[in-house]
Amino acid sequence: MHIICDKSKLIEGMNIVMKAIPGKTTMMILECVVIEVKDNQIKLIANDLQLGIETLIDGEIKQEGSVAVGAKVFFEIIRKLPSDNVSITVDEDYHMNISCGKAKFNIMAKATDEFPYLPNIVKDKNVNISQFTLKDIIRQTVFSISDNENAKVMTGELFEIHDSELKVVSLDGHRISIRKVKLNRSYDDVSVIIPGKTLIEISKIINGGMDDEVSIFFTDKHVLFEFEDTIVLSRLIEGEYYKIDKMLSTDYETKVTVNKREMLECIDRSTLLLKESDKKPVIIDVQDDYMKFAMNSAIGSMDEDIDASKEGKDILIGFNPRFLMDALRVIDDEEITMYMINPKAPCFIRDQEETYIYLILPVNFNV
């Protein structure tokens, strides 16, 4: 095998596939990236058995072939080469020679026989969506997935398609995040659980362009994201997602509308009094035309009022400040509306059209 590539293109491709290189594994072959050169294409492939990525890069092909090479050492060598044109040759004994300017490296590669290539899937059920929209959906929901492997379905997000609507749901036992998006046409019904790790990596890879599309294909066991010169294949999480519709309510005793930025900054200031391990709530006192925020900790106390518009009853309620801040950070509206029933019932933050809904459970506190 012999190829000549622009260093920046090689780095760009490696940045993409490195997301499917496992941190720890007992299978040494999974620590490798495969460089496959055939059919006038240079393809980089990585697969950790849960997430697999293929991407094409530009380059001059001198001789076809395929080889597996330790991804981390190869990437570090490429990153630190002195100039732009990189020549990579591999002989029949799998000695890889990398040369760039006056720098020359010789490292051992290996055959690809044991490498688990991505399976071919039937591209049947699918949806097309802009990269901007997909990146936005992930940003606005992925923060509330759980890291508890004992509750596997909570480590993923529910993707549901019905007619021309996509609904994405995440939850961790303390909060629920929901985003609804209108699609450009009607699609077949889909209901799958996609691992949060997959969505986080997808969000890092796609450029987020409004005019750039992602095609998402669904099977019983896999989801495939296809965009530009890249394919990302992930296993789905098996199991049944929680029936969240029973948890959602339109009833409320208190409705309050407030400037999002002011509220976020106020809660952020309250956390200055918290140590890393503290689990003190921020206490919110909702009155007719203001909200009072209070924090008491071993370090000290604070209280601050911000203007607000209230309908219904006054309420005194406590929340984990991080949960409120996580939701507020991803809402793009200038004003947000909160709906509350009592200090022990879930609080909802949602817009009028319900394109987003955030459910946050309150916490107990002592005044």
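Conventions we followed
The numbering scheme is per chain: residues are counted from 1 as the chain's sequence reads. Owing to the predicted nature of the model, reporting of local features is limited to residues with pLDDT of at least 70; listing and counting of side-chain atom pairs is limited to 80 or more, with chain, interface and lining totals taken over all residues. To get the side-chain values, take all heavy atoms of the structure and skip hydrogens and water. Only when DSSP finds a minimum of two bridges between them are two strands counted as paired. Here a helix means four or more residues in a row that DSSP labels H or I, a strand means two or more in a row labelled E, and each is numbered from the N terminus. Angles shown run from 0 to 180 degrees and are taken between the N-to-C directions of axes, each axis being a line fitted to C-alpha atoms and, for helices, limited to the stretch in contact. Two aromatic rings, drawn from Phe, Tyr or Trp (for Trp, its six-membered ring), form a pair once their centres lie within 6.5 Å of each other, and the interplanar angle then sorts them: stacked below 30 degrees, edge-to-face above 60, tilted otherwise. Either the NZ atom of lysine or the CZ atom of arginine qualifies as a charge over a ring when it sits within 6 Å of the ring centre and within 35 degrees of the ring normal. Contacts: residue pairs with any heavy atoms within 4.5 Å of one another. Here the nonpolar core consists of buried residues drawn from Ala, Val, Leu, Ile, Met, Phe, Trp, Tyr and Cys, with membership extended through side-chain atoms lying within 4.5 Å. Whether a residue is buried, partly exposed or exposed follows from its accessible area with a 1.4 Å probe, protein chains only, as a fraction of its type maximum: under 20%, in between, or over 50%, in that order. Note that the arc is defined by the directions from the helix axis to the C-beta atoms. Just so you know how the angles are binned, under 35 degrees is roughly parallel, over 145 roughly antiparallel, 65 to 115 roughly perpendicular, and the rest oblique. Each helix crossing is assigned a hand: it is left-handed if the near helix lies turned anticlockwise from the far helix by less than a right angle, otherwise right-handed if that turn is clockwise. Here the term charged refers only to Asp, Glu, Lys and Arg, the term nonpolar to Ala, Val, Leu, Ile, Met, Phe, Trp, Tyr, Cys and Pro, and the term polar to all other amino acids, Gly among them. Charged-residue counts in this description rest on Lys and Arg as positive and Asp and Glu as negative, His and the chain ends being excluded. A side-chain nitrogen of Lys or Arg and a carboxyl oxygen of Asp or Glu constitute a salt bridge if their distance falls within 4 Å.

Peer 1: An account of the sheet that holds strand 17 (residues 282–286) is needed here, citing residue identities and associated values.
Peer 2: Spatial strand order, 11-12-23-22-21-16-19-18-17-20: 10 strands in an open sheet with antiparallel pairing. The sheet terminates laterally at strand 11 (156–171) and strand 20 (315–319), the two strands that pair on one side only. Along the sheet, successive strands turn relative to each other by an average axial angle of 25°, direction set aside. Across four bridges, strand 22 (residues 347–350) lies against strand 23 (residues 356–360) in antiparallel orientation.

Peer 1: Describe the packing of aromatic side chains, listing the residues and the values that go with them.
Peer 2: As enumerated under the stated definition, the model contains five aromatic pairs in all. Here Tyr-241 and Tyr-242 contribute two aromatic rings whose centre-to-centre distance is 6.1 Å and whose plane-to-plane angle is 70°, an arrangement assigned as edge-to-face. One aromatic cluster is present, formed by Phe-143, Tyr-356 and Tyr-358 through successive ring pairs. Above the plane of the ring of Phe-217 lies Lys-123, whose end atom (NZ or CZ) is 5.4 Å from the centre.

Peer 1: So what's going on with the side chain of Lys-167? Residues and values would help.
Peer 2: Note on placement: Lys-167 falls in strand 11. Beyond its immediate stretch of four places on either side in the chain, Lys-167 contacts Leu-158, Phe-159, Glu-160, Ile-178, Arg-179, Lys-180 and Asp-245.

Peer 1: Tell me what's going on with the nonpolar core, and back it up with residues and numbers.
Peer 2: Counting 65 residues, the largest nonpolar core has Ile-35, Phe-74, Met-96, Leu-134 and Phe-225 as the members making the most contacts within it. In terms of residues, this core owes the most to one element, strand 12 (residues 175–195), which gives six residues. Non-local contacts of Ile-35, meaning those with residues more than four positions away in its chain, are made with Met-1, Ile-3, Ile-42, Lys-43, Leu-44, Gly-65, Ser-66, Val-67, Val-69, Phe-74 and Met-96.

Peer 1: Tell me about helix 2 (residues 71–79), residues and numbers included.
Peer 2: Residues Ala-71, Phe-74, Phe-75, Ile-77 and Ile-78 constitute the buried set of helix 2. The buried residues of helix 2 occupy one face: seen down the axis, they fall within an arc of 160°. Structurally, helix 2 contributes buried residues whose contacts are with helix 1 (7–17), strand 2 (32–38), strand 6 (65–70), strand 7 (85–90), strand 8 (95–100) and strand 9 (103–108).

Peer 1: Can you break down the environment of Gly-312 residue by residue, with the values?
Peer 2: Looking at where Gly-312 falls in the secondary structure, it is placed in strand 19 (residues 301–312). Here the alpha-carbon distance between Gly-312 and Ile-341, two residues 29 residues apart in the chain, equals 9.8 Å.

Peer 1: Go over the packing of helix 5 (residues 260–270) against helix 6 (residues 321–330), please, and point to the residues and values.
Peer 2: Contact geometry of helix 5 with helix 6 gives a least axis separation of 10 Å together with a crossing angle of 150°. Our classification of the angle between helix 5 and helix 6 gives roughly antiparallel. For the crossing formed where helix 5 meets helix 6, the hand is left-handed. Contacts between helix 5 and helix 6 involve Lys-260, Met-263, Leu-264, Ile-267 and Asp-268 from the first element and Pro-321, Leu-324, Met-325, Leu-328 and Arg-329 from the second. For the contact of helix 5 with helix 6, the class distribution of residues is seven nonpolar, no polar and three charged.

Peer 1: Would you mind going over the sheet that holds strand 2 in detail, with residue names and values included?
Peer 2: Spatial strand order, 6-2-3-4-15-14-13-10: eight strands in an open sheet with antiparallel pairing. At either margin of the open sheet sits one strand with a lone partner, and together these are strand 6 and strand 10 (125–130). Each neighbouring strand pair of the sheet contributes to a mean axis angle of 15°, computed without reference to strand direction. Relative to strand 15 (residues 230–235), strand 4 (residues 51–57) runs antiparallel, the two sharing five bridges. Within strand 15, the position partnered with Thr-55 by the bridge is Thr-230. Across the face of the sheet, helix 2 comes into contact with strand 2 and strand 6 while running at roughly 95° to strand 6. The strands that helix 3 (residues 131–139) touches are strand 10, strand 13 (213–218) and strand 14 (222–227); relative to strand 10, the one it contacts most, it runs at about 95°.

Peer 1: Describe in detail the side chain of Glu-36, supporting the description with residues and values.
Peer 2: Looking at where Glu-36 falls in the secondary structure, it is placed in strand 2. Salt bridges are absent for the buried Glu-36, whose nearest opposite-charge side chain, Lys-43, sits at 4.1 Å. Discounting chain neighbours no more than four positions away, the residues touching Glu-36 are Gln-41, Ile-42, Lys-43, Ile-45, Gly-65, Ser-66 and Tyr-117.

Peer 1: I'd like to hear about unusual backbone geometry, residue by residue, with values.
Peer 2: Even without being a glycine, Asp-163 presents a positive backbone phi close to 55°. If you trace the backbone, Asp-163 turns up in strand 11. Looking at Asp-163, the relative accessible area reads 43%, which means it is partly exposed. Even without being glycine, Glu-228 reaches a positive phi, approximately 45°. Within the element layout of this structure, Glu-228 appears in the loop between strand 14 and strand 15.

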